[in-house]
Amino acid sequence: MANIMVVGSYVVDLMSRTPHMPKPGETVLGGPFQMGPGGKGSNQAVAAARQGANVTMVTKVGHDLFGDHAMENFTEESIDTTYVTRHTEEATGTAIITVDDQGENTIVVALGACGKITSTDVQGAEQRLEASDMVLVQLETSMDAIRTTIQLARKHNKPVILNPAPFQQIDDDLLQDIAYITPNETEASLLTGIEVVDESSARKAAKQLIERGVHAVVITLGKQGCFVYDGSDEGALVKGFPVQAVDTTGAGDAFNGGLATFIAKGMKLDKAVIRANAVAAISVTKTGTAIAMPTMADVEEFLRNTK
């Protein structure tokens, strides 16, 4: 079984549908309302667990009702909570999400407790990190914690997948220790200064990231699929799966959790990306984030039916 450590955020998703995104000062009658587990770190952990990985989560939640729900959710998903701690002052993080009739979304995140993950918290999980096959991090927590995670992974020769979202600037000394980086078009543009809109511009951005030290680049391009590049050739566009999107929230998290699992199981990068695309495609056909993550059986059925 693939052993994956996820260091990242947990927030409660507070989501409402809306016929259209409100303009400044506008009130829109929407609904229905839905509350559920979220946060990029937690979503990716759930996606990985549902694809059969043995997942350990490193995060923080508050001493509140939402924190209780977090612990219950991790237990239900068979995610190891040994390194999930409860902050004595900060509340559990929240994400306020609106989804319009086209399935597009806007999100405002208040990190709360998970924004207070420290280097010490990560160091406390070093023994478990050493036993992991893959380490998965995002940028939805403190940069100190992210830096320490990457440094410990280097110390123990463990591959790191960095999902650079929500975007923060990343020092090149950290990029040199990243096995796989998975930006979307916007994040790739911000990372490189190259406007990424298609395969050609994605190739230019990916080449720059390789030159800066990343070992392999997977740029997610929405409906176009993913551009995959490891520096050995010209790279390739791996097409996605056309589906009727209901809610695109969490699609990137579904992709990253799946990708981490499939690579950790020994799959080649191009094959892992295809299956991760399937995980993401299934997730957008359902409303919600963590609750929309598909199981292994869902993915197998989906791939059988799309051949």
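Below or above, wherever it landed, is the structure these notes cover. (Residues numbered from 1 in each chain as written. Predicted model: local features only at pLDDT ≥ 70, side-chain atom pairs only at ≥ 80, totals over all residues. Heavy atoms only, no water.)

Quick notes on the side chain of Thr 149
With respect to the helices and strands, the residue Thr 149 is situated in helix 5 (residues 143-155). Judged by its relative accessible area of 0%, Thr 149 falls in the buried class. Ignoring any residue separated from it by four or fewer positions in sequence, one finds Thr 149 in contact with Val 7, Val 122, Leu 129, Val 135 and Val 137. (Helix = DSSP H or I, 4+ residues; strand = E, 2+ residues; numbered from the N terminus. Buried < 20%, exposed > 50% of the residue type's maximum accessible area, 1.4 Å probe, protein only. Contact = heavy atoms within 4.5 Å.)

Remarks on the side chain of Asn 73
Along the chain, Asn 73 falls in helix 2 (residues 65-76). The residues contacting Asn 73, other than those within four sequence positions of it, are Pro 37, Ser 42 and Val 46.

Here we look at the pattern of salt bridges
Oppositely charged side chains can pair when the atoms bearing their charge come close. A full pass over the atoms with the stated rule returns 14 salt bridges. We note a salt bridge from Asp 121 to Lys 60, for which the minimum N-O separation is 3.1 Å. Here Lys 60 lies in strand 4 (residues 54-62) and Asp 121 lies in helix 3 (residues 119-124), a separation of 61 residues in the sequence. Residue class for Lys 60 comes out buried when judged on its relative accessible area of 11%. Close ionic contact of Glu 199 with Arg 203 constitutes a salt bridge, the shortest N to O distance being 3.2 Å. Residue Glu 199 and its partner Arg 203 are located together in helix 8 (residues 199-211), separated by four residues, close to a single helical turn. Connected through salt bridges with shared partners, the residues Glu 199, Arg 203, Lys 207 and Glu 234 form a single ionic network. (Salt bridge = Lys/Arg side-chain N within 4 Å of Asp/Glu carboxyl O.)

Quick word on the environment of Val 61
With respect to the helices, strands and loops of the structure, Val 61 is situated in strand 4. C-alpha of Val 61 to C-alpha of Cys 114: the two residues are 53 residues apart in sequence and 6.0 Å apart in space. The contacts of Val 61, once residues within four sequence positions are left out, are Tyr 10, Gly 67, Ala 70, Met 71, Val 84, Thr 85, Arg 86, His 87, Thr 92 and Ala 113.

Thoughts on the sheet that holds strand 3 (residues 33-38)
Sheet architecture is open: four strands sit in the order 3-2-6-7, paired in mixed fashion. Of all strands in the sheet, those bounded by a partner on one side alone are strand 3 and strand 7 (105-110). Strand-to-strand twist across the sheet, computed as the mean angle between neighbouring axes with direction ignored, equals 20°. Where strand 2 (residues 11-17) and strand 6 (residues 93-99) come together, seven bridges link them in parallel fashion. In the sheet register, Leu 14 faces strand 6, and the bridge partner there is Ile 96. (Pairing = 2+ DSSP bridges. Axes fitted to C-alpha atoms, helices over the stretch in contact; angles between N-to-C directions.)

Observations regarding the packing of aromatic side chains
Counted by the stated rule, this structure contains three aromatic pairs. Note on Tyr 10 and Phe 74: the rings are 5.5 Å apart at their centroids and 65° apart in plane angle, and the pair reads as edge-to-face. A residue pair is termed long-range when its members are at least 10 positions apart, and Tyr 10 in the loop between strand 1 (3-7) and strand 2 and Phe 74 in helix 2 qualify at 64 residues. In this structure Tyr 10 comes out as buried when scored by relative accessible area, which is 2%. When its relative accessible area of 0% is taken as the criterion, Phe 74 is described as buried. Measuring from ring centre to ring centre gives 6.5 Å for Phe 227 and Tyr 229, while their planes differ by 25°; the resulting arrangement is stacked. Of the residues examined, Phe 227 reaches a relative accessible area of 0% and is grouped as buried. Here Tyr 229 falls in the buried class, since its relative accessible area comes to 8%. (Phe/Tyr/Trp six-rings, centres within 6.5 Å; stacked < 30°, edge-to-face > 60°.)

Considerations on the pairing of strand 1
Counted residue by residue, strand 1 has four buried out of five residues, so it is predominantly covered. As paired elements, strand 1 and strand 4 share five bridges and run parallel to each other. Bridging from a neighbouring strand, Asn 3 pairs with Asn 54 of strand 4. Of the strand pairs in this sheet, strand 1 and strand 8 (residues 134-138) are connected by four bridges, and their pairing is parallel. Looking at strand 8, one finds that Ile 4 is bridged to Met 134.

These values are about where atoms sit, not about what they do.
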